[in-house]
Amino acid sequence: MVRSGSVGIVGTQYFTFSPPGGFELECGEKLESVTLAYETYGRLNPGKTNAILLVHALTGDAHAAGFHPDDRKPGWWDEMIGPGRAFDTDKYFVICSNVLGGCKGSTGPCSIDPKTQKPYGLDFPLISVNDMVNCQAQLVGHFGIEKLLSVAGGSMGGMQVMGWLANHPQRIRSAIPISTALKHSPQQIAFNEVGRQAIMADPDWKYGNYYGGPLPGRGLSVARMIGHITYMSDISMAQKFGRHRKQDLQPLKFTPGYEVEGYLHYHGENFVKRFDANSYLYITKAIDDFDPAGERPLRELLRGIEVKVMVIAFKSDWLYPAYQAKEIVRACKLSGVETTYCEVDSTYGHDAFLLEIDEQTHLISHFLKKVFNGYAVMDGRDD
């Protein structure tokens with residue numbers, strides 16, 4: 001069983017960097033400065049050899065574990081982070097930041113443009129997953145950490161893990177991509193495009209200039225509903241909802257009558273309260289465009305790197321099917337990278353990486369222990 005240790009009350013911090021000449025993005029444009037919201041858990045050891053970077057999925061943020069003083073629920077991966085948990089804060093120093101382009105404290109389209117003193121909106125430049133990773137590298141450097149023990153994350157987080165492997169392999173000891181792909185399939189791009197079109201069709205979107213007025217809530221809610229369908233599986237939906245009807249039916253002809261419909265509406269409406277529609281557009285576009293190797297075979301890009309990799313997939317995940325995880329494994333092994341593949345039998349669908357706590361804890365804790373014990377820790381300590 002997973003131990004119940006919690007990191008307790010935590011707070012979000014902010015790191016701002018302003019490189020000479022600005023921070024250059026893959027699109028060729030520059031940002032004068034970048035702010036990342038982040039949280040840390042555990043303690044960095046004297047040799048700075050026990051740091052792990054956790055990277056979040058599409059709508060996640062820096063709050064991965066513990067409670068903010070006014071929280072009713074803990075961080076998004078709370079059961080995986082803390083004393084005795086998969087990312088054991090008695091042993092490791094865990095960092096999690098909100099991505100570039102996000103809306104939870106990091107620089108994004110809802111941030112103030114220093115040139116106009118108004119929210120960027122669509123004046124915000126296009127960003128990439130590699131841009132997100134390069135910002136995280138700046139944050140890691142801020143702590144004086146030369147080499148991360150590991151970088152780990154699921155879904156879009158797994159893409160960021162691959163971005164670290166492709167762009168900064170010399171700065172990581174290990175990598176744990178979960179429920180992810182090397183690049184999006186046409187089907188994955190299609191789901192995101194439908195979500196983007198739902199947002200842009202909302203009359204309150206106003207070409208991204210809705211700040212200070214009504215939010216494009218209907219469009220963003222529909223985009224989130226589409227996403228939720230892909231996060232579950234046919235089995236998990238049947239188990240959770242069946243064909244049960246809601247008891248509080250309204251007299252209108254097309255009022256949602258099934259429990260599954262009510263579930264989608266509830267999550268869509270709540271999502272509008274916590275996420276920015278423009279951020280959704282920018283981030284989904286970034287993951288659709290992600291291709292860590294570009295024109296080169298990934299096996300060539302990874303050849304010669306000294307990083308241990310563990311890839312985790314889930315059998316019922318149809319958003320990021322296991323065959324895409326196996327493509328990562330194949331590329332890593334062909335390049336000579338020491339790679340472990342774990343396929344978990346779960347009925348939760350894509351959400352399994354957030355819900356299959358016991359299985360992932362077993363796999364990740366043993367993998368990290370192996371990596372850490374093989375690391376010649378400079379001060380001979382592991383705390």
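Please read these numbers as outputs of a predicted model, since none were measured by experiment.

Visitor: Explanation requested: the overall build of the protein in the structure shown.
Guide: The number of helices and strands found in the protein is 11 helices and 14 strands. The C-alpha radius of gyration computed for the protein amounts to 21 Å, which stays within 12% of the reference 21 Å derived for 383 residues, consistent with globular compactness. The principal-axis extents of the C-alpha atoms in the protein amount to approximately 70 × 50 × 45 Å. Relative to its full complement of 383 residues, the protein shows a buried share of 56%. Within the protein, residue pairs in contact and separated by at least 24 positions form 74% of the contacts whose partners lie at least 6 positions apart. By element, 51% of the accessible surface of the protein is carried by carbon and sulfur atoms, the whole surface being about 17,500 Å². In the protein, which carries 38 positive and 43 negative side-chain charges, the distance between the mean positions of the two groups comes to 2 Å.

Visitor: Which parts of the structure should I look at to understand a nonpolar patch on the surface?
Guide: Nonpolar side chains collect at one region of the surface, where Tyr348, Leu354 and Leu355 lie side by side and expose about 240 Å² of accessible area between them. Note that Leu354 resides in helix H10 (residues 352–355). On the accessibility criterion, Leu354 (30% relative accessible area) is partly exposed.

Visitor: Explanation requested: the pairing of strand S14 (residues 339–344) in the structure shown.
Guide: Where a strand is regular, its side chains alternate between the two sheet faces. Examined bridge by bridge, strand S13 (residues 308–314) and S14 share six bridges and lie parallel to one another. Residue pairing across strands places Val309 opposite Thr339, the latter belonging to S14. Handedness of the S13-helix H9 (residues 322–334)-S14 crossover: right-handed.

Visitor: Any chance you could explain the packing of helix H3 (residues 186–201) against helix H4 (residues 217–231) here in plain terms?
Guide: The description of two packed helices rests on the angle between their axes and on the distance between the axes. Contact geometry for H3 and H4: axes closest at 7 Å, N-to-C directions at 160°. It follows that H3 is roughly antiparallel to H4 by the angle criterion. Note that H3 runs across H4; the crossing there is right-handed. In contact with Phe191, Val194, Gly195, Ala198 and Ile199 of H3, H4 contributes Gly219, Leu220, Val222, Ala223, Ile226 and Thr230. Here the residues of the contact of H3 with H4 are counted per class, giving eight nonpolar, three polar and no charged.

Visitor: Where do I start with the nonpolar core in this structure?
Guide: Of all hydrophobic cores here, the largest spans 76 residues; its most connected members are Leu100, Ile145, Trp164 and Leu165. Ignoring any residue separated from it by four or fewer positions in sequence, one finds Leu165 in contact with Ile172, Ala175, Leu302, Ile305, Val307 and Val309. In this structure, Trp77, Ala86, Phe87 and Cys96 belong to the second largest nonpolar core, which totals 33 residues.

What counts and what doesn't
- Residues numbered from 1 in each chain as written.
- Predicted model: local features only at pLDDT ≥ 70, side-chain atom pairs only at ≥ 80, totals over all residues.
- Heavy atoms only, no water.
- Helix = DSSP H or I, 4+ residues; strand = E, 2+ residues; numbered from the N terminus.
- Rg over C-alpha atoms; globule rule 2.2 N^0.38 Å.
- Buried < 20%, exposed > 50% of the residue type's maximum accessible area, 1.4 Å probe, protein only.
- Contact = heavy atoms within 4.5 Å.
- Areas by Shrake-Rupley, 256 points an atom, 1.4 Å probe, with all protein chains shown as cover.
- Lys, Arg positive; Asp, Glu negative; His and termini not counted.
- Charge placed at Lys NZ, Arg CZ, Asp CG, Glu CD.
- Patch = residues over 30% accessible without salt bridge, like charges linked within 9 Å, V, L, I, M, F, W, Y side chains within 5 Å.
- Salt bridge = Lys/Arg side-chain N within 4 Å of Asp/Glu carboxyl O.
- Pairing = 2+ DSSP bridges.
- Right-handed = clockwise from strand over helix to strand, strands pointing away.
- Axes fitted to C-alpha atoms, helices over the stretch in contact; angles between N-to-C directions.
- Parallel < 35°, antiparallel > 145°, perpendicular 65-115°, else oblique.
- Left-handed = near helix turned anticlockwise from the far one by under 90°.
- Nonpolar A, V, L, I, M, F, W, Y, C, P; charged D, E, K, R; others polar.
- Core = buried A, V, L, I, M, F, W, Y, C linked by side-chain atoms within 4.5 Å.

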